[in-house]
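Structure at a glance
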Amino acid sequence: MMNTTYKDVWDLDVFFEGGSESEEFRQHLETLKQKKTHFEENAYAFHPPQSGSDAELVWKLIEEATEVMLYLRQAGAFVSCLEAQNMHDRKANELRGEITSISADFTSVFTKFQQQLSDSSEGVWSELLEHEKLNEIGFVMDEWRNKAKDKLSSTEEALIGALSVDGYHGWGQMYDTIVGSMEISHEGKKLSVGQANNLLSSPDQKTRKDIFDKLEDAWEQNEELFAKTLNHLGGFRLSVYKKRGWEDIMKEPLEYNRMKQETLDAMWGAISKNKAPFVKYLNRKAELLGKEKLDWFDQDAPVAESNSTMSYDEGAQFILKQFARFGDEMASFAKGAFEDRWIEAEDRAGKRPGGFCTSFPMSDQSRIFMTYSGSMSNVSTLAHELGHAFHSYALRPMHTLNRNYAMNVAETASTFAEMIVADAAVKEASTKEEKIALVEDKLQRSVAFFMNIHARFLFETRFYEERKKGIVSAEKLNELMAEAQKEAFSDSLGEVHPRFWASKLHFYITGVPFYNFPYTFGYLFSLSIYAKALESGENYEEKYMALLRDTAIMNVEELAMKHLGEDITQEAFWEKGIKLCIADVDEFLELTN
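Residue numbers run consecutively from 1 along every chain, following the written order of its sequence. Per-residue local features of the predicted model are confined to residues with pLDDT of at least 70, and side-chain atom pairs are confined, for both listing and counting, to 80 or more; whole-chain, interface and lining totals are unaffected and use all residues. Note that water and hydrogens are dropped before the side-chain values are worked out from all heavy atoms of the structure.

Focus on the pattern of salt bridges
Salt bridges are defined as contacts in which a side-chain nitrogen from Lys or Arg sits within 4 Å of a carboxyl oxygen from Asp or Glu. Under the defined criterion, the tally for this structure stands at 44 salt bridges. Two residues, E40 and K36, come together in a salt bridge whose shortest N-O distance is 3.0 Å. Here E40 pairs with K36, and both are found in helix α1 (residues 23–44), just four residues apart, close to one helical turn. Of the charged contacts, one joins E344 and K351 as a salt bridge, the two residues approaching to 3.1 Å between their closest N and O atoms. The same class applies to E344 and to K351, which are both buried. A single salt-bridge network, built from bridges that share partners, covers R26, E30, K33 and E98. Strands here mean DSSP runs of E at least two residues long; helices mean DSSP runs of H or I at least four residues long; both are numbered from the N terminus. The rule is simple: take the accessible area with a 1.4 Å probe, protein chains only, and divide by the maximum for that residue type; under 20% is buried, over 50% is exposed, in between is partly exposed.

A closer look at the side chain of K285
If you trace the backbone, K285 turns up in helix α14 (residues 276–288). Within 3.5 Å is the distance limit for a polar contact, defined as a pair of N or O atoms, with the added protein rule that one can donate a hydrogen and the other accept it, and that residues adjacent in sequence qualify only through two side-chain atoms. Of the polar contacts made by the side chain of K285, one reaches the backbone oxygen of D298; its length is 3.3 Å. Polar side-chain contacts of K285 include one of 2.6 Å to the side chain of E440. Contacts are assigned to residue pairs with any non-hydrogen atoms lying within 4.5 Å of each other. Among all residues touching K285, those that are not within four sequence positions of it are L294, D298, Q299, D300, A301, V303, E440 and Q444.

Things to note about the sheet that holds strand β4 (residues 356–360)
Pairing between strands is defined by DSSP: at least two bridges between them are needed. Ordered by their spatial adjacency, three strands build an open sheet running β3-β5-β4, and the pairing between neighbours is mixed. The sheet is open, and its two borders are formed by β3 (343–344) and β4, each paired with just one other strand. With five bridges connecting them, β4 and strand β5 (residues 365–369) associate as antiparallel partners. If you follow F356 over to β5, its bridge partner there is F369. Every axis corresponds to a line fitted to the C-alpha atoms, with the helix fit spanning only the stretch in contact, and the corresponding angles, defined between N-to-C directions, vary from 0 to 180 degrees. Running over the sheet, helix α17 (residues 376–394) touches β3, β4 and β5 and is turned about 160 degrees from β5.

Looking at unusual backbone geometry
Both trends apply: most residues other than glycine have a negative phi, and most peptide bonds are in trans. Non-glycine residue D364 carries a positive phi angle of around 55 degrees. Note that D364 resides in the loop between β4 and β5. Positive phi is not limited to glycine here, since S490 has a value of about 50 degrees. The exposure class assigned to S490 is partly exposed, which follows from its relative accessible area of 36%.

Here's what the structure looks like:
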């Protein structure tokens, strides 16, 4: 492979030159508003179809709505990137508010259109779906019909959407603003929350403890603000659910992820029954670190002295090499992403913590955001986000409306890419110490998905039960989180992280609640796909891409049966993936014996 130097700062000018002051972007927003207004005029004049002959009109309106969606997503992706690369970009925050408002207006009208469309009789509906173009998006249209029947009148839903701009979404943006203003002092430097979090994987226990305490102090100083924010987000959701007659808090997240309650129960059931090996791993790690029990801030601590690091270029080359072993298309795609500067990875202050991948649908491109500091965990994160981008790439031949895959299957492609790289790293380890470090890196992810995310799920479930009774105090939130962590980690930790609820962005995302279990689903689901890929040997890439193309046009139970021949409502399916992770535990225990 040729020696190439890849830049670790992304290129956003290819979309709109000039950042948050971009004239091109302002023109994009004006065009978006015009298209939205045009759709609104036609949608308000629309009435429930009376026969299959209305199919052409329905298609025309859907095409108009789809174009508005594309403009909105392009705008939303651009502003997300601006906000993430510089948390002090006030103009970007203003643009976020503008887009949120446009989106709410459009959603209100689109909901009205969906309800009018859904009011057609069963016979007319069947006739409409016989139309060639409407038939192509039949799964999505059936979803619209079912959701429309499940909601309030279009007038009431429009009111909810309008009030959510400054209410619901406003509180989510408030959280981002508070976190963006936080700074952590360490060794004479001012660190962003993201930079401070990276130091929790330091080999020096004193550094980890110091950073954890400072972060905890920072969360504590703002905990009343965070508690108020979380309570208002939860309260808004519960009020809307009550008006719609939805009693089950899991109704929205399960429908959003196109999965059944039985599937979720089977997944958590299999995990809960198989935690003992991971407790053994945590106990061994504590022993290696000279402690009786691991503390929360020790989870990402390295246990091997030769904790290898890779420069950004080296990490990129390693990923490309491993992707090439899986398939030419995946490797070629990733190479283009590095060359065309799709990735913002520079380690600097002022960036938002965490990582993400966002799609620019009008440009058939994606952008990846993270902070790269050279650890193997960073390399895995980079591969993970490239997996997300490859998913969008695989869906390019599909109709725009057939590309809206849910979060749980979104995490499948990313985790699959991460696994390719993590497994290869273990196999290529040159020393025993390096191998221990890399196996442990894999195990840290298993613990995150089976224990950390389980704690988040338990906390959020219990928070909503408490919120139904009234405002939940910061003190009570700390108590709920500590309890959830002790239960999810089978009481294997010493010091827990009671203010984790304040520190985790996922609890404040307004798109959908329970932004947690889909990660675990994606991890275990991708393990099954990975096992199939290993069994098949070469030429699995085509089958894999076929599976990715189906992720937005069927529920996950059908997807698993079609492509894997598996019933995922049974614990047996999930146990297969967990066993692969237990094998990593066995290897770690043997290597460190």
